Amino acid sequence: MMSSNENTCSNDLGLSLGMILLRLWLAARAIQTGIEKFGGSKPIDSTVLIDGAPNAYGLTETTADKVYALSNYNGVPAPLYDKFSNEPFIPGWGLNLYDTILGPVLIILGLTLLLGIATRFSLFLMGLVYTSLTFGLILIKQDAGIAWLGVHIIMVVMALALAKYNKFAILKKW
Amino acid sequence: MNFELPKLSRRDFLSKSTLGAGLVLGAPSILKAKEAGAPADDIRVGFIGCGKQHEVLFNAMVNIPGIRYVAACDIMKARVGRTYSTIKSRFDYGIQRYLDAREMLEKEDLDAVFVATPDFWHAPHAIMALEAGCDVYCEKMMSNTIEGARSIVEAMDRTGKLCQIGHQRRSNPRYRFTLDELIHKEKICGQIINANGQWNRALSSSQDIVSKPSILPKADILKEFGFDEGADGKLTEEELRHRFLNWRFYTSLSGGPISDLGAHQIDIFNWYLGAQPKSVMASGGRSFFKDREHFDNVMCIFDYDTPHGNARAFYQVLTTTSAGGGYYESFMGTEGTIEISEREAYTNIYKESGADSAKWDKLVNRGLLKKEAAGQAAGGADAIASYESAPPDKYALPGGLSKQPHTPHIENFYAAVRGEVALTCDARHALESEAPIYWVNPAANNNEIINFTEEHLHT
């Protein structure tokens, strides 16, 4: 028969593993979303040949390679940016600032969560970021996106609830 | 930077432009532009109008070398600021900002000017710029009236400057290749007997444009610039601002959907068929947007005597439905049909079952066409054999355009400014193509067939 001490250890192990999974998922979600904001495509054009010679009209066949570069950065995607810029609750300077910092913030918070640096504060700040995104989507009536972000918030709250079972952390304080 | 308010209204300009032309021609030291072909240095560019269409044009030209952006003007300060910021961040230099086009043209040494203002300002602004010695790229329609369009041609002839009209398909390699190689040289359509074009736009894309009131021009400026034209009685600031943002809905400010969307495609009918139509019949209605002055949906039929025989062209513009293939122009002949669009996704070519397969196979082998799929009968129990035609095989163009749709047209304009090529759509050729379009709304309004005469179509 298993002792109550062994039972607790077994439960703690499950909760610790659960916390690691949440950290990994939320970190991957934030880091890659941030990195994708630097993503773009590099078109590779080749001239169409007619009768074996390059055509005179400039017709091309295009294939595209995905590339990442600082110059590709778009914090808030252009179609959303245009919609937000017409929202009275979002000042122009605030939108510019948000557009500038969103990508880097997601990457930094994802990394701190992955490495276990101030895990609880990282989770809290990540929750605030998702809340701010939710606010924007409410203004432009994107209900599906709001629901999707709601799932993120639930996962952040679950991770906060499991914070005392957090393992493999560089800075456990905060 | 200069944000002094303008001194001359559009109405003033229209009534005084002939006198102004005389004064302008008498002041060559002010108006002398660089000789076409002479400058090895950058072309100095100014923008009149910094709204959405300006952004489309600017984004299409940012990678074209040899351009120096000098100045921009718009009566909406925020738009000029946005243009300034865009150029500053991309090219690391500033431009001069104006609210008044006339002042910009007087103070700046410009080689070329882009006009992307509301339709009812195209002619005054294009003429102003031509008379200031600039070569001009003016958005289509040339004007909201045929008289306005004719005045641009007259100013182009008088000043000897270049005036390219923004029918950008005329420079598109896909359109040029299709006309020159497939229709003219290889005659893959056989005799083109019908054309069919459409722009079906969803209700969600046809809504009123709104903006923060705090960044919009005040009522006195909007009145100064004629946004109250054609209105019954005095307009509130809110009504004027609605007209400013949604000028396309008002008959005294624009030609409505047939002009905004249809002009590009009816231009292709005339270009590809090599003729002006001899008549138009049309129908339209305010079937959904009952408070708009223009028809929200228009259908029209042009009748042509082409060099190859009689042909008809049907065109529809819908602002309440997007289904049905988006936007394209289709040329239907005895041997094949070319359904071409600015969007590659909407472009298809079909071979009639009776056409010479060996000839089409040879075109594929030479690289002039790509074969997509053999025709497949729909089949089913409801198919009655005697009613059915054999299904056509489907083909595609051999390549596409690796630039934005407006880029080749702007490249052509800049090359013409340098004296290297001729314009693909100068104002005179544009008006030959646009003239019939001005008569669609009258035909629909009066439920009549308009048989065109020289008086209707002359340029």
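Our subject in this report is the structure included herewith.

**Some details on the overall build of chain B**
Here comes step 1: Helices and strands together make up the secondary structure of chain B, namely 17 helices and 16 strands.
Here comes step 2: Here the C-alpha atoms of chain B give a radius of gyration of 23 Å, agreeing with the 23 Å that 2.2 N^0.38 yields for 459 residues.
Here comes step 3: Dimensions along the principal axes, computed over C-alpha positions, put chain B at roughly 75 × 55 × 45 Å.
Here comes step 4: Within chain B, the proportion of its 459 residues that are buried is 47%.

**With respect to the sheet that holds strand 1 (residues 43-48) of chain B**
Residue and element names in this part refer to chain B.
Here comes step 1: The 6 strands lie next to each other as 3-2-1-4-5-6, forming an open sheet whose pairing is parallel. At either margin of the open sheet sits one strand with a lone partner, and together these are strand 3 (96-98) and strand 6 (163-165). Ignoring which end each strand starts from, the neighbouring axes of this sheet average 20° apart.
Here comes step 2: Where strand 4 (residues 112-115) meets strand 5 (residues 135-138), 4 bridges bridge the pair, whose relative direction is parallel. Paired with Phe114 across the strands is Tyr137, a residue of strand 5.

**With respect to the interface of chain B and chain A**
Often, the extent of an interface is quoted as the loss of accessible area on bringing the components together.
Here comes step 1: The partner chain A presents 14 residues to the 14 residues of chain B that form the contact.
Here comes step 2: Top element by residues in the side of chain B that touches chain A is helix 8 (residues 173-185) of chain B. It accounts for 4 residues.
Here comes step 3: Per-class residue counts for the side of chain B that touches chain A are 5 nonpolar, 5 polar and 4 charged.

**Quick notes on the environment of Gly51 of chain B**
Residues and elements named next belong to chain B.
Here comes step 1: With respect to the helices and strands, Gly51 occurs in the loop between strand 1 and helix 3 (52-61).
Here comes step 2: In this structure, the C-alpha to C-alpha distance between Gly51 and Asn200, residues 149 residues apart in sequence, is 23 Å.
Here comes step 3: Those residues within four positions of Gly51 in sequence are excluded, and the remaining contacts are Asp74, Arg79 and Ala116.

**A closer look at the nonpolar core**
Buried together is how nonpolar side chains tend to be arranged in soluble globular proteins.
Here comes step 1: In terms of nonpolar packing, the biggest core is built from 121 residues, with Ala126, Ala129, Val136, Met142, Ile152, Cys163 and Val440 of chain B touching the most fellow members.
Here comes step 2: When sequence neighbours within four positions are dropped, the list of residues in contact with Ala129 of chain B reads Ile48, Leu105, Val113, Val115, Cys134 and Val136 of chain B.
Here comes step 3: If you look at the next biggest cluster of nonpolar residues, it comprises 18 residues, including Leu22, Leu109, Leu113 and Tyr130 of chain A.

Rules behind the numbers
Residues numbered from 1 in each chain as written. Chains lettered and ligands numbered in written order. Predicted model: local features only at pLDDT ≥ 70, side-chain atom pairs only at ≥ 80, totals over all residues. Helix = DSSP H or I, 4+ residues; strand = E, 2+ residues; numbered from the N terminus. Rg over C-alpha atoms; globule rule 2.2 N^0.38 Å. Buried ≥ 20, exposed ≤ 12 C-beta atoms within 10 Å, placed from the backbone. Pairing = 2+ DSSP bridges. Axes fitted to C-alpha atoms, helices over the stretch in contact; angles between N-to-C directions. Contact = placed C-beta atoms within 7 Å. Nonpolar A, V, L, I, M, F, W, Y, C, P; charged D, E, K, R; others polar. Core = buried A, V, L, I, M, F, W, Y, C linked by C-beta atoms within 7 Å.

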